[in-house]
Amino acid sequence: MSTSYLPATTDSIAQALEAKNPSESISIFYRILESPSSSPDSLRIKEQSITNLSDLLRQENRAEELRSLLTQLRPFFALIPKAKTAKIVRGIIDAVAKIPGTSDLQISLCKEMVQWTRAEKRTFLRQRVEARLAALLMESKEYSEALNLLSGLIKEVRRLDDKLLLVDIDLLESKLHFSLRNLPKAKAALTAARTAANAIYVPPAQQGTIDLQSGILHAEEKDYKTAYSYFFEAFEAFNALEDPRAVFSLKYMLLCKIMVSQADDVAGIISSKAGLRYVGPELDAMKAVADAHAKRSLKLFETALRDFKAQLEEDPIVHRHLSSLYDTLLEQNLCRLIEPFSRG
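Residues numbered from 1 in each chain as written. Predicted model: local features only at pLDDT ≥ 70, side-chain atom pairs only at ≥ 80, totals over all residues. Heavy atoms only, no water.

This next bit is on the overall build of the protein. Scanning the protein for helices and strands turns up 20 helices and zero strands. Referenced to the eigenvectors of the C-alpha coordinate spread, the extents of the protein come out at roughly 95 × 50 × 30 Å. Classification of the 344 residues of the protein by burial places 48% in the buried group. Residue pairs in contact within the protein that sit at least 24 positions apart in sequence constitute 62% of those at least 6 positions apart. Accessible area of the protein: about 17500 Å², with a carbon and sulfur share of 53%. Taking the average location of the 46 positive side-chain charges in the protein and that of its 45 negative ones, the two points are 3 Å from each other. (Helix = DSSP H or I, 4+ residues; strand = E, 2+ residues; numbered from the N terminus. Buried < 20%, exposed > 50% of the residue type's maximum accessible area, 1.4 Å probe, protein only. Contact = heavy atoms within 4.5 Å. Areas by Shrake-Rupley, 256 points an atom, 1.4 Å probe, with all protein chains shown as cover. Lys, Arg positive; Asp, Glu negative; His and termini not counted. Charge placed at Lys NZ, Arg CZ, Asp CG, Glu CD.)

Here it is in structure tokens:
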């Protein structure tokens, strides 16, 4: 990082964007941020520089630098409106999240930001960073810590009546209780999320998340027909947004078809216009299970489990239904074996 600053102007940004390589661009953006000017135009240019810089650091997988950038920007945050600060902070945390293998770094980064937001009395931002931290802790299977964080946060957000954040937190709580195998509490939290969502406009991605979680809980109760309709709604939303969760919604739709002994429908869904977009190991795994089910073959089922271990055994949603599917196939396999000997 160079000690000589560059003036915060559009020319400086152009210079950074025209640099020969990413490292040079990064260096120029740092120099723009060092400019002492705090005029409205300079602040606007610096905001633009931060966005470009965080994008470049993400592309270069420099997660630690993104973390130190957040610390370095704290004096700058005092000069801009709180809403803009919140946008920048969340943007940088999102950039770190896009770098593979950074979950521990994300957790420590969120904890640092929570401390800073408490000290600065930035409640709006703190609540959102805490929600993000709870989600990261859940992904890292730190369930008790995530639950402690959420229980305090839910009370606080309910009091403030921030419906949009409440939907996020209630959904997170539902997923957390589901991971802890507490189905009644998972359902109660999902109902709370739906109630909050009904009072406001919910973005399609969030509505898709609600439908996906609804499908998972109905499948858990073996109500596969209702689960299928929720997974279908989630798939429609995610497919339109080109969200990567679309393939999982489609995969769970196929799972529901198999569980209600409609395995013959699986090939048709996969070869439909929407299904063809997502052809790959996730759908191949479900097709292999469907073929085993249609042929009532335990051997084919065991082969599918071995060939698609990551897509079946290691998917927590599918894994929960494999044992009951195994029992069904065992029974059908026996029926198939004794059929030739049955008297008409």
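Text resumes after the structure shown.
On to helix H14 (residues 246-259). Across its 14 residues, H14 extends 20 Å between first and last C-alpha, which sits within 8% of the 20 Å expected from 1.5 Å per residue. Burial analysis of H14 places 13 of its 14 residues in the buried class, the great majority of the element. Where H14 ends, the next residue or the one after it, Ser-261, has phi of about 60 degrees, a positive value. (Expected span 1.5 Å × (residues − 1).)

To continue, consider the pattern of salt bridges. This model, assessed by the stated rule, comprises 24 salt bridges. Close ionic contact of Arg-128 with Asp-162 constitutes a salt bridge, the shortest N to O distance being 2.7 Å. Pair noted here: Arg-128 is in helix H8 (residues 123-139) and Asp-162 is in the loop between helix H9 (143-160) and helix H10 (163-179), with a separation of 34 residues, a long-range link. Exposure remark for Asp-162: the relative accessible area of 19% places this residue in the buried category. Linked through salt bridges whose partners overlap, the residues forming this network are Arg-118, Arg-126, Glu-130 and Glu-156. (Salt bridge = Lys/Arg side-chain N within 4 Å of Asp/Glu carboxyl O.)

Located in the positive-phi region is Asn-61, a residue other than glycine, with phi close to 55 degrees. Summarising the element assignment, Asn-61 is placed in the loop between helix H3 (40-59) and helix H4 (63-72).

What follows covers the UniProt feature "domain: 26S proteasome regulatory subunit Rpn6 N-terminal" (unreviewed entry) in the protein. Mapped onto this numbering, the UniProt entry annotates "domain: 26S proteasome regulatory subunit Rpn6 N-terminal" (unreviewed entry) at residues 14-128. For residues 14-128, the end-to-end C-alpha separation is 33 Å, with 77% helix and 0% strand making up the annotated structure. (UniProt positions renumbered as here; feature names shortened; annotations may be inferred.)

Right, let's get into the packing of aromatic side chains. Evaluated as defined, the whole model comprises five aromatic pairs. Relative to Phe-77, the ring of Phe-76 lies with its centre 6.5 Å away and its plane at 50 degrees, an arrangement referred to as tilted. Under the relative-accessibility criterion, Phe-77 is labelled buried at 0%. One aromatic cluster in this structure is built from Phe-76, Phe-77 and Trp-116. A cation over an aromatic ring shows up here: Lys-257 above the ring of Tyr-228, its NZ or CZ 4.8 Å from the ring centre. Taking NZ or CZ as reference, Arg-320 lies 3.9 Å from the ring centre of Phe-178, over its face. (Phe/Tyr/Trp six-rings, centres within 6.5 Å; stacked < 30°, edge-to-face > 60°. Lys NZ or Arg CZ within 6 Å of the ring centre and 35° of its normal.)

Here the focus is the environment of Ala-83. Tracing the backbone shows Ala-83 in helix H6 (residues 82-97). Along the primary structure Ala-83 and Ala-310 are separated by 227 residues, whereas in three dimensions their C-alpha atoms are 41 Å apart.

Running from N to C, helix H7 (residues 103-119) and H8 cross one another at 155 degrees; their axes reach a closest spacing of 9 Å. The angle between H7 and H8 falls in the class roughly antiparallel. As H7 packs across H8, the resulting crossing turns out to be left-handed. Residues Gln-106, Ile-107, Cys-110, Lys-111, Met-113, Val-114, Trp-116, Thr-117 and Arg-118 of H7 lie in contact with H8, whose contacting residues are Leu-125, Arg-126, Val-129, Glu-130, Arg-132, Leu-133, Leu-136 and Leu-137. (Axes fitted to C-alpha atoms, helices over the stretch in contact; angles between N-to-C directions. Parallel < 35°, antiparallel > 145°, perpendicular 65-115°, else oblique. Left-handed = near helix turned anticlockwise from the far one by under 90°.)

All right, on to the nonpolar core then. Core analysis: the biggest nonpolar cluster contains 113 residues, and Leu-73, Phe-77 and Leu-312 have the highest contact counts within it. Looking at this core, the element that brings in the most residues is H14, giving 10 residues. The residues contacting Leu-73, other than those within four sequence positions of it, are Leu-33, Ile-50, Ile-88 and Ile-92. (Core = buried A, V, L, I, M, F, W, Y, C linked by side-chain atoms within 4.5 Å.)

For the rest of this paragraph, the subject is the packing of helix H1 (residues 10-17) against helix H2 (residues 22-33). With their axes 8 Å apart at the nearest point, H1 and H2 run at an angle of 160 degrees to one another. Here H1 is positioned roughly antiparallel relative to H2, judged by the angle of their axes. The way H1 lies across H2 gives a crossing that is left-handed. Residue-level inspection shows Ser-12, Ile-13, Gln-15, Ala-16 and Leu-17 of H1 in contact with H2, the latter providing Ser-25, Ile-28, Phe-29 and Ile-32.

Let us look at the environment of Leu-164. With respect to the helices and strands, Leu-164 occurs in helix H10. Accessibility expressed as a relative area gives 39% for Leu-164, which makes it partly exposed. Once the C-alpha coordinates of Leu-164 and Ala-246 are considered, the two residues, 82 residues apart in sequence, prove to be 22 Å apart. Excluding anything up to four places from it in sequence, Leu-164 contacts Ile-200, Tyr-201, Pro-203 and Gln-206.

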